[in-house]
Amino acid sequence: MTPKKFDYYAPTSINEALQLLEEKEESKVLAGGQSLLALMKLRLAAPAALVDITKLQGLSYIKEEKGYLAIGALTVHDLIEHDEIIASKFPILVDAATKIGDQQIRNRGTIGGSACHADPAADLPTALTALNASFVLRGRNGERIVPATDFFVDLFMTSIGHDEILTEIRLSNLPPMSGTAYIKHSRREGDFAIVSTGVVCTMGQQNVCKDVKIALGAVGPKPLRATASEEYLKGKTLDEKTIAEAAEKGVEGADPPSDIHGSREYRLDMIKVFIRRTTKLALSRVK
Ligand SMILES: Cc1cc2nc3c(=O)[nH]c(=O)nc-3n(C[C@H](O)[C@H](O)[C@H](O)COP(=O)(O)OP(=O)(O)OC[C@H]3O[C@@H](n4cnc5c(N)ncnc54)[C@H](O)[C@@H]3O)c2cc1C
């Protein structure tokens with residue numbers, strides 16, 4: 001199918017882009033187009049105008065700032081996959097980016113677009129939830145910074161306003177002795193997740209868990225935190241037994257769908273399996 005007729009704008013400054021979004025009714029931001037254009041071709045979305053932000057300079061970067069890593073919203077998945085700072089400080093994002101679709105999609109799709117699209121089965125939103133990333137939203141009246149827990153609101157829904165643009169994603173530096181990992185469970189390479197898990201853990205002396213964040217993808221309307229598993233692990237020595245017990249608690253709060261890729265019961269089982277595997281992988285990366 002072809003999309004419905006729409007107007008196209010390619011602003012060259014963020015202020016111009018914000019003005020267009022405010023002025024044009026039923027307009028939408030266009031980034032890599034890997035989700036939005038597919039929806040438009042299927043006529044599941046029919047914006048009257050597209051505001052293409054890919055001509056804006058300075059929104060594709062990965063840089064270390066004081067206390068955090070800043071990733072520009074237009075940074076494509078492929079750059080995240082191959083960035084040395086990310087590989088060393090936040091390998092969870094490499095795990096997630098590597099598993100997105102195929103190379104063509106990773107060349108064009110952006111981290112900002114993936115976050116704003118907010119597909120609960122998408123890879124980066126789950127990893128960003130485990131990292132409790134902060135989202136920098138620019139509007140005509142200034143900037144606001146929203147944590148992941150508030151950014152992802154519901155199925156394909158975020159807290160970003162119609163006339164706002166996500167400009168940057170911030171990841172706070174992790175304390176020493178931290179490890180991160182993400183595992184996607186899908187039938188074929190490049191498919192969307194049936195279940196996915198992201199884990200960020202910080203360890204103390206004698207293998208005692210000081211802090212842990214566990215995020216689940218594809219098992220609810222938005223990326224979820226497995227808070228019962230997290231609470232169980234904090235202060236405990238991490239070994240086969242405690243990790244397995246924590247994984248059992250991972251299903252609390254999850255509400256997975258049944259579809260052609262897997263039943264609800266199968267997904268509930270897989271949550272336990274993948275919390276276990278991902279926690280062990282994160283633990284093996286503690287440094
Ligand atoms: C065949 C196929 C397979 C895929 N497989 C996977 C997969 O396995 N895992 C996965 O995670 N993803 C997958 N994707 C989706 C892919 O990751 C997209 O890149 C991503 O979801 C959207 O990024 P984008 O830059 O293309 O955004 P777009 O499609 O341009 O935009 C998506 C939405 O976000 C909004 N938006 C974009 N950027 C901003 C911004 N900076 N500020 C405000 N709003 C913004 C747009 O208005 C739109 O609503 C797949 C896509 C395709 C086509």
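A quick note: this is a predicted structure, and the numbers were derived from the prediction, not measured. Residue positions are counted from 1 within each chain, in the order its sequence is given. A pLDDT threshold of at least 70 governs which residues receive local features in this predicted model, and a stricter bar of 80 or more applies before side-chain atom pairs are shown or counted, although totals over entire chains, interfaces and linings include all residues. Working from all heavy atoms in the structure, the side-chain values ignore hydrogens and water.

1. Here we look at the site of the ligand
Residues in close proximity to the ligand total 31 residues, the closest being Val29, Gln34, Ser35, Thr110 and Asp123. Polar contact is the term for a pair of N or O atoms within 3.5 Å; when the atoms are in protein, one must be able to donate a hydrogen and the other to accept it, and sequence-neighboring residues count only if both atoms are side-chain atoms. A distance of 2.7 Å separates an oxygen atom of the ligand from a polar atom in the side chain of Ser35. In this structure, an oxygen atom belonging to the ligand sits 3.1 Å away from a main-chain N or O atom of Gly101. Here the Shrake-Rupley method, with its probe set to 1.4 Å, supplies the accessible areas, and only the displayed protein chains count as covering residues. Within the complex, 88% of the 970 Å² of free accessible area of the ligand lies under protein. Secondary structure is summarised from DSSP: a helix means a run of H or I of at least four residues, a strand means a run of E of at least two, and numbering begins at the N terminus for each. Only strand E2 (27–30), helix H7 (111–117) and strand E10 (165–172) provide two or more residues apiece to the shell around the ligand. Of all the elements, H7 adds the most residues to the shell around the ligand, at four residues. Of the residues belonging to the shell around the ligand, the class tally is 14 nonpolar, 12 polar and five charged. A molecule or strand has a residue near it when one of that residue's heavy atoms lies within 4 Å. In this classification, the charged set is Asp, Glu, Lys and Arg, the nonpolar set is Ala, Val, Leu, Ile, Met, Phe, Trp, Tyr, Cys and Pro, and all remaining amino acids, among them Gly, are polar.

2. Looking at the sheet that holds strand E11 (residues 178–185)
Any two strands with at least two DSSP bridges between them are considered paired. The strand order across the open sheet built from four strands is E11-E12-E13-E14, with neighbouring strands paired in antiparallel fashion. Each having just a single partner strand, E11 and strand E14 (224–225) make up the two edges of the open sheet. Note: strand E12 (residues 195–203) against strand E13 (residues 209–217), eight bridges, orientation antiparallel. Counted as the bridge partner of Thr202 is Asp211 from E13.

3. Quick notes on the side chain of Ser178
Summarising the element assignment, Ser178 is placed in strand E11. A polar contact of 2.7 Å, which involves the side chain of Ser178, links it to the backbone oxygen of Pro175. Only heavy atoms enter the contact rule, under which two residues are in contact if any of them lie within 4.5 Å. Residues contacting Ser178, with those up to four places away along its chain left out, are Cys201, Thr202, Arg285, Val286 and Lys287.

4. Quick word on the environment of Ala96
Here Ala96 is to be found in helix H5 (residues 91–98). Ala96 gets classed as buried once you look at its relative accessible area, which sits at 0%. In this structure the C-alpha to C-alpha distance between Ala96 and Thr126, which are 30 residues apart in sequence, comes to 8.5 Å. Contact partners of Ala96, with chain neighbours within four places excluded, come to Asp123, Leu124, Ala127 and Tyr182. Relative accessibility under 20% of the residue-type maximum defines a buried residue, over 50% an exposed one, and the middle range a partly exposed one, all with a 1.4 Å probe and only protein chains included.

5. Digging into the environment of Gly190
Tracing the sequence through the fold places Gly190 in the loop between E11 and E12. Each residue touching Gly190, except ones within four places of it in the same chain, is listed here: Lys99 and Gly101.

6. As for H5
Turn by turn, an α-helix covers 3.6 residues, leaving residues three or four places apart pointing in a common direction. The buried count for H5 comes to seven of eight residues, which makes it a mostly enclosed element. Among all positions in H5, only Pro91, Ile92, Leu93, Val94, Asp95, Ala96 and Ala97 are buried.

7. Details of unusual backbone geometry
One non-glycine residue with positive phi stands out, namely Met177, at about 65°. Structurally, Met177 can be placed in the loop between E10 and E11. What makes Met177 partly exposed here is its relative accessible area of 38%. A positive phi angle, close to 70°, is found at Ala218, a residue other than glycine. Looking at the secondary structure, you find Ala218 in the loop between E13 and E14. Overall, the relative accessible area of 7% leaves Ala218 in the buried class.

8. A look at the sheet that holds strand E5 (residues 68–72)
Spatial ordering of the open sheet is given by E4-E5-E10-E6-E7, a layout of five strands whose pairing is antiparallel. Looking at the sheet topology across the chains shown, the edges are occupied by strand E4 (62–65) and strand E7 (142–147). The sheet shows a mean angle of 25° between the axes of neighbouring strands, taken without regard to direction. Note that strand E6 (residues 134–139) and E10 share five bridges and pair antiparallel. Bridging from a neighbouring strand, Ser134 pairs with Arg170 of E10. Angles shown run from 0 to 180 degrees and are taken between the N-to-C directions of axes, each axis being a line fitted to C-alpha atoms and, for helices, limited to the stretch in contact.

9. Considering the nonpolar core
Core analysis: the biggest nonpolar cluster contains 34 residues, and Ile86, Ile92, Leu93, Phe135, Ile169 and Leu171 have the highest contact counts within it. If you list the elements that add at least two residues to this core, you get E5, H5, H7, helix H8 (123–130), E6, helix H9 (148–151) and E10. If one sorts the elements of this core by residue count, H5 sits on top with five residues. Each domain's extent was defined by an automatic or database domain assignment. Counting contributing residues per domain, this core is built from domain 2 (62–172) and domain 3 (178–284), each supplying no fewer than three. Leu93 has contacts with Ile71, Ile80, Ile86, Leu124, Ala127, Leu128, Leu131 and Leu171, leaving out every residue within four places of it along the chain. By convention a nonpolar core is built from buried Ala, Val, Leu, Ile, Met, Phe, Trp, Tyr and Cys residues, the set being connected through side-chain atoms within 4.5 Å. Counting 28 residues, the second-largest nonpolar core is a separate cluster that includes Ile183, Leu238, Ala246 and Ala254.

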